[in-house]
Amino acid sequence: MNVSDQFEKRTARAELLAASAPAVAEPLVFAAKLFRLQGRLAAAISARHADAPFSGGAADLPRIADLLPPLLSFAAADGPPELAEAAETRASDDPTTAATRLRVYWEGGRDALEDYLSRAFLRPFAEVLARAGIAADRPRHEGHCPACGSAPIVSFRKELPDSNGAARYLVCGLCGTEWAFNRIRCPSCQEEDPTKLPSFQSDVHKNVRIEACETCRRYVKSLDLTLDARPLPEVDDLVSLAMDLWAIEEGWTRLEPGWAGI
Ligand SMILES: [Zn+2]
Ligand SMILES: [Zn+2]
């Protein structure tokens, strides 16, 4: 399955969930359209990579910056008000400013909480790099993605063959890489004291947990795939948006926002 097909799979999953979860249909429909657009970007970026391979560094960004306008138009037209406004402002950037914003994000100067649009745009680029085995030249942090250094957008648990019990995985919000991670450890500050790592569940979304850390006050949402393996964690994440609203209300900060921007 090539990178564009992965985005098509995410689109189909978001559309399916939107039809069955009216309360969160709006963010899911938005995400479905975003994944479709990212799939087209991935195809264009893959073609350029085939012509002349990317290096994984910020020097690649001017070679893809011309692909940004359709994403900005989409976010301005279909995004929630705050995002739409940011996209409109950015649409009038001159090419140098547009490229600089992407470089600042790529070099770790801003994160997805501050710059959703750069992550949304660079996602297909980072995923094409990861798939091609090219290391992204970005700052690395312990507990973050081994391929590109970005924070995990979501976590999931799945049963491993030949083992008793489920393993915990983290999913990168920028390049889509999944990696195994210690079950009792905060991916933000590396806290390992179980008494400081509370988790919260709700009666409504029984397969979802908020995995929090009292030391850094951040959390990662975790999906249990041991009973149902169909969910795509970063897509199904949006179904339990109410749990993020609850956690934020309680004073926790999500380590890496999901595709609804929260
Ligand atoms: Zn990554
Ligand atoms: Zn922590």
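Residues numbered from 1 in each chain as written. Chains lettered and ligands numbered in written order. Predicted model: local features only at pLDDT ≥ 70, side-chain atom pairs only at ≥ 80, totals over all residues.

## Some words on the overall build of the protein
Stated formally: Helix numbers and strand numbers start at the N terminus; a helix is a DSSP run of H or I with at least 4 residues, a strand a run of E with at least 2. Once C-beta atoms are placed from the backbone, each residue is buried if 20 or more other C-beta atoms lie within 10 Å of its own, exposed if 12 or fewer, and partly exposed for counts between those two. In this description, any two residues whose backbone-derived C-beta atoms lie within 7 Å of each other are considered to be in contact.
Tallying secondary structure elements over the protein gives 8 helices and 7 strands in all. Once the C-alpha set of the protein is aligned to its principal axes, its extents read approximately 50 × 35 × 35 Å. The 262 residues of the protein split such that 42% are buried. For the protein, restricting intrachain contacts to residue pairs at least 6 apart in sequence, the fraction spanning at least 24 positions comes to 59%.

## Section: the domain arrangement of the protein
Test applied: In this document the domain limits rely on a domain assignment from an automatic tool or a database. Think of it as three bins: nonpolar holds Ala, Val, Leu, Ile, Met, Phe, Trp, Tyr, Cys and Pro, charged holds Asp, Glu, Lys and Arg, and polar takes everything else, Gly as well.
Here the domain parsing of the protein yields domain 1 (3–132) and domain 2 (152–254). Placing the centre of domain 1 and that of domain 2 at their C-alpha centroids yields a distance of 24 Å. Every contact between the two is made by 18 residues of domain 1 and, on the other side, 11 residues of domain 2. Residues that form the side of domain 1 that touches domain 2 fall into these classes: 12 nonpolar, no polar and 6 charged.

## Side note on unusual backbone geometry
Of note in this structure, glutamine 190 is not a glycine but carries a positive phi near 70°. The residue glutamine 190 is located in the loop between strand S3 (178–180) and strand S4 (199–200) in this model. Despite not being glycine, arginine 217 has its phi angle at roughly 65°, a positive value. By the secondary structure assignment, arginine 217 is in the loop between strand S5 (208–212) and strand S6 (218–224). A count of 13 C-beta atoms within 10 Å places arginine 217 in the partly exposed class.

## A closer look at the pairing of strand S2 (residues 166–172)
Quick note on the threshold: Strands qualify as paired when DSSP identifies two bridges or more between them.
Sheet topology places strand S1 (residues 152–159) next to S2; 7 bridges connect them, and they run antiparallel. Counterpart to serine 155 in the pairing with S2 is leucine 170. In this sheet, S3 lies alongside S2 in antiparallel orientation, the contact comprising 3 bridges. By the bridge assignment, tyrosine 169 is partnered in S3 with alanine 180. Two successive antiparallel strands, S2 and S3, enclose a turn made up of 5 residues, where glycine 176 displays a positive phi of approximately 80°.

## Brief notes about helix H8 (residues 241–249)
Stated formally: Throughout, the arc means that of the directions going from the helix axis to the C-beta atoms.
Those residues of H8 not exposed but buried are Leu241, Met243 and Asp244. End-on, the buried residues of H8 take up no more than an arc of 155°, which puts them together on one face. Exposed and oriented more than 90 degrees from the buried face of H8 are Leu245 and Glu249. The inward-facing, buried residues of H8 abut helix H2 (25–51), S5, S6 and strand S7 (253–254).

## A look at the nonpolar core
Under the convention used in this document: Put simply, a nonpolar core is a cluster of buried Ala, Val, Leu, Ile, Met, Phe, Trp, Tyr and Cys residues tied together by C-beta atoms within 7 Å.
In this structure, Ala14, Ala31, Leu122, Ala126, Cys148, Cys172 and Cys175 are the most contacted members of the largest nonpolar core, which totals 68 residues. Counting contributing residues, this core receives three or more from each of domain 1 (3–132) and domain 2 (152–254). Once residues within four sequence positions are removed from consideration, alanine 31 is found in contact with Ala14, Val235, Leu238 and Trp259.

## Digging into the packing of H2 against helix H3 (residues 68–78)
Two numbers describe a pair of packed helices, the interaxial angle and the distance between the axes. Note the following rule: Every axis corresponds to a line fitted to the C-alpha atoms, with the helix fit spanning only the stretch in contact, and the corresponding angles, defined between N-to-C directions, vary from 0 to 180 degrees. Note on terminology: angles under 35 degrees are roughly parallel, angles over 145 are roughly antiparallel, angles of 65 to 115 are roughly perpendicular, and the others are oblique.
Running from amino to carboxyl end, H2 crosses H3 at an angle of 170°, the nearest separation of the two axes being 11 Å. Judged by the inter-axis angle, H2 sits roughly antiparallel to H3. Here H2 contributes Phe30, Lys33 and Leu37 to the contact with H3, which in turn contributes Pro70, Leu71, Phe74 and Asp78. Class assignment for the residues of the contact of H2 with H3 results in 5 nonpolar, no polar and 2 charged.

## Thoughts on the packing of helix H1 (residues 3–20) against H2
H2 packs onto H1 with a crossing angle of 170° between their chain directions and a minimal axis gap of 8 Å. In terms of their interaxial angle, H1 and H2 are classed as roughly antiparallel. Contacts between H1 and H2 involve Val3, Ser4, Phe7, Glu8, Arg10, Thr11, Ala14, Glu15, Leu17 and Ala18 from the first element and Ala25, Leu28, Val29, Ala31, Ala32, Phe35, Arg36, Gln38, Gly39, Ala42, Ala43 and Ser46 from the second. Residue composition of the contact of H1 with H2, by class: 13 nonpolar, 5 polar and 4 charged.

## Side note on H3
Among the residues of H3, those classed as buried are Leu68, Leu71, Leu72 and Ala75. The buried residues of H3 occupy an angular sector of 100° when projected down its axis, which confines them to one face. Across from the buried face of H3, at angles greater than 90 degrees, the exposed residues are Pro69 and Ala77. Looking at the buried residues of H3, the elements they touch are H2, helix H4 (81–91), helix H5 (95–106) and helix H6 (116–132).

## A closer look at the environment of valine 204
Counting through the fold element by element, valine 204 comes out in the loop between S4 and S5. Assessed through the 11 C-beta atoms surrounding it within 10 Å, valine 204 is described here as exposed. Residues valine 204 and serine 4, spaced 200 residues apart in sequence, show a C-alpha to C-alpha distance of 33 Å.

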